[in-house]
Amino acid sequence: MPTSDPSHGLGISGSLRKASYNTALLRAAAELMPAGMTLETFDLLPLPMFNQDAEKPFPEAVAEFRARVAQADALLIATPEYNSSASGALKNAIDWASRSPQQPLNGKPVATMGASTGNFGTLRAQLHLRQILTHVGVLPLGKPEVLVGRAEQAFDAEGRLGDAAARGFLRDSLAALAKWTQRVSPA
Ligand SMILES: Cc1cc2nc3c(=O)[nH]c(=O)nc-3n(C[C@H](O)[C@H](O)[C@H](O)COP(=O)(O)O)c2cc1C
């Protein structure tokens, strides 16, 4: 029987709206997590807008966010696509987390995913997001990509991901993230 400790994943939705497809995508991820990996989520709503004058000390919600990122073995980020990029809420959170001391994103394994009502399922948003994440030192999972287009058809009225193909990509991506986390984490 395997005896290694489970990896702890932290899920972050870049959408603040209650009925968000991206938050629903994280709920689907929680159902599909592979053995050996857990998933908790962090709500970005309480984070203030980044202000370089307000870093010493960090606001309470920011300190909590940074601590949760630091404690996680891996991150799972679900981004909406706003005007061909990731959401401002997500960029704001990354800016807060990117600051010294003990920058918690550095070396962190991360999988990105996203749902949008457009045809391309956050393709452009995820490309921008990966550019930003690479700058702050995360180790992004390459593939499988999770791009849920036409989200209003992929999710039902209760916010459950019913689309079988999307569930398959999500399951495969989570399994790959678990392996990636084991591979790049210090022993
Ligand atoms: C300001 C704004 C810009 C948007 N731009 C895009 C876009 O560039 N591409 C796209 O596929 N959808 C776009 N959408 C539609 C979003 O995909 C849709 O609102 C989606 O539900 C947002 O994610 P959420 O459900 O997690 O909140 C945009 C929506 C908003 C509000």
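Parameters at a glance
Residues numbered from 1 in each chain as written. Predicted model: local features only at pLDDT ≥ 70, side-chain atom pairs only at ≥ 80, totals over all residues. Heavy atoms only, no water. Helix = DSSP H or I, 4+ residues; strand = E, 2+ residues; numbered from the N terminus. Rg over C-alpha atoms; globule rule 2.2 N^0.38 Å. Buried < 20%, exposed > 50% of the residue type's maximum accessible area, 1.4 Å probe, protein only. Contact = heavy atoms within 4.5 Å. Salt bridge = Lys/Arg side-chain N within 4 Å of Asp/Glu carboxyl O. Near = heavy atom within 4 Å. Polar contact = N/O pair within 3.5 Å; in protein donor to acceptor, adjacent residues only side chain to side chain. Areas by Shrake-Rupley, 256 points an atom, 1.4 Å probe, with all protein chains shown as cover. Nonpolar A, V, L, I, M, F, W, Y, C, P; charged D, E, K, R; others polar.

Undergrad: Hey, could you run me through the overall build of the chain in this one?
TA: For the chain, the count of helices and strands is six helices and six strands. In the chain, the order of α-helices and β-strands from amino to carboxyl end is β-α-β-α-β-α-β-α-β-β-α-α. Taking 187 residues into account, the globule formula puts the C-alpha radius of gyration at 16 Å, and the chain, at 16 Å, falls close to it. Structurally, the chain occupies a C-alpha span of about 45 × 45 × 25 Å along its principal axes. Per-residue burial for the chain yields a buried fraction of 45% across its 187 residues. Counting only contacts in the chain whose residues sit at least 6 apart along the sequence, the fraction spanning at least 24 positions is 80%.

Undergrad: Sorry if this is basic, but what is going on with the pattern of salt bridges here?
TA: Any two side chains of opposite charge can pair if their charged atoms end up close together. One pass over the full model with this rule turns up seven salt bridges. Arg 99 is the partner of Glu 55 in a salt bridge, and the nearest nitrogen-oxygen pair spans 2.4 Å. Taken together, the positions of Glu 55 in the loop between strand E2 (37-42) and helix H2 (60-71) and Arg 99 in the loop between helix H3 (88-97) and strand E4 (109-115) put the pair 44 residues apart, joining distant regions of the chain. Glu 55 gets classed as buried once you look at its relative accessible area, which sits at 13%. By relative accessible area, Arg 99 is classed as partly exposed at 28%. For Lys 91, the salt bridge identified is with Asp 95, shortest N-O distance 3.0 Å. Here Asp 95 and Lys 91 lie together in helix H3, a separation of four residues that amounts to about one turn. Overall, Lys 91 belongs to the partly exposed group, its relative accessible area being 35%. Through salt bridges that share partners, Glu 31, Arg 160 and Arg 167 make up one connected network.

Undergrad: Is there a simple way to explain the site of the ligand in this structure?
TA: The environment of the ligand is made up of 14 residues, and the closest members are Ser 15, Arg 17, Ser 20, Asn 22 and Glu 81. Between the ligand and the protein, one listed contact pairs an oxygen atom with a side-chain N or O atom of Asn 22 at 2.8 Å. Contacts to the ligand include Thr 117, whose backbone N or O atom sits 3.1 Å from an oxygen atom. When the free accessible area of the ligand is taken as 620 Å², the share hidden by the protein chains comes to 71%. Residue classes in the shell around the ligand are distributed as three nonpolar, eight polar and three charged.

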